[in-house]
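# Summary of the model geometry
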Amino acid sequence: MKLGFVSAILDGWTFEEMIDVAHDMGYTCVEVACWPAGKAERRYAGVSHIDVDSLTDEKVAYILNYCKERGVEISSLAFYPNTMDEDLEKRQANIDHLKKVILASEKLGVGMVTTFVGRSTHKTVEENLELFKEIWPPIIALAEEHHVKVAIENCPMWFDETNWPGGQNLFTSPAIWRKCFEIIPSPNFGINYDPSHFVWQQMDYIRPLYEFKDRIFHVHYKDIKLFPEKLADVGVMAHPLQYMAPKLPGLGDVNWAKYVSALTDIGYDGCTCVEVEDRAFEGSRERILDSLRISKRYLDQFVI
């Protein structure tokens, strides 16, 4: 397995600076953020280390050469929008940009895009599955045509009152995954597996690895700290951030030895990327760099 990080945490760093950080710290891959230009609607969004709107052949050659010289692989091009947004204009803009990211992934020889399915927040799961049937088959058909795998992260995207009651991503549980894979059985459609989202939902994050081993295209390392006393006070119907907090690997409740052991059981040998969303490490550029150093030092005991 290769160990890398999601580049979105290095907002404000250039592409070259971001790759240099990976090289200097001993990371061997990066999941590169590719958001469109414009104001971000949430934290960790809006970051673009590769501009897919202006990706000429010359820029492709430069990017690939820069990565090769520093021994850093691009694990995926990352864009995490809501492609089923209730605002139809936003929905179409997100779909259009996602398609550009897919084409850029082929052009760069990466062959992987990490993203969300999205969700119409105020519709039921059943209604969203019907929307998924309408929106996603053409996206995956494009990915197939251009030899790109699309890996969906299992984050519910439910943080506050604006995301109530369904969040902004349908692809949140094994039960829903099965239905999505029945609708789109394509070998180019799979999972970007993040165990942290199962922890705060009080779900088993080990067992699905075995059932969906052939669908796991990409892996995240992000931890979650659950606060039982807060959960006991507000209950599971509260906004999740009222009773949990994202943490660096090793600082939360994920058992990383069990997790990596299961990945080795299923024969996963792809890219695994640290996703930093720990607010304790956001105070300065140096603290952000500390978060990547600490994560690497911790995970090196498991990832060989």
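No experiment lies behind these values; they were computed from the predicted model shown. (Residues numbered from 1 in each chain as written. Predicted model: local features only at pLDDT ≥ 70, side-chain atom pairs only at ≥ 80, totals over all residues. Heavy atoms only, no water.)

### So, the packing of helix H1 (residues 15-25) against helix H10 (residues 285-299)
Two elements in contact, H1 and H10, have axes separated by 11 Å at closest approach and are oriented at 40°. In terms of axis orientation, H1 runs oblique to H10. You can see that H1 and H10 cross each other, and the crossing is right-handed. Counting all contacts with H1, which are made through Glu17, Val21 and Met25, the residues of H10 involved are Arg285, Leu289, Leu292, Arg293 and Lys296. Among the residues forming the contact of H1 with H10, the class breakdown is four nonpolar, no polar and four charged. (Axes fitted to C-alpha atoms, helices over the stretch in contact; angles between N-to-C directions. Helix = DSSP H or I, 4+ residues; strand = E, 2+ residues; numbered from the N terminus. Parallel < 35°, antiparallel > 145°, perpendicular 65-115°, else oblique. Left-handed = near helix turned anticlockwise from the far one by under 90°. Contact = heavy atoms within 4.5 Å. Nonpolar A, V, L, I, M, F, W, Y, C, P; charged D, E, K, R; others polar.)

### Some words on the layout of surface pockets
Of the volumes computed, that of the second largest pocket is approximately 210 Å³. Lining the second largest pocket are 17 residues, and of these Glu73, Ile74, Ser75, Val110 and Cys271 lie nearest its centre. Counting residues per element, the ones that place at least two in the lining of the second largest pocket are helix H2 (57-70), strand E3 (73-78) and strand E7 (216-221). Residue contributions to the lining of the second largest pocket peak at three residues, all from E3. Looking at side-chain class alone, the lining of the second largest pocket contains nine nonpolar, five polar and three charged residues. (1 Å grid on protein atoms, 1.4 Å probe; cavity = no way out; pocket = protein on both sides within 12 Å on 5 of 7 lines; lining within 4 Å. Points joined across faces, edges and corners; volume = space filled by probe spheres on them.)

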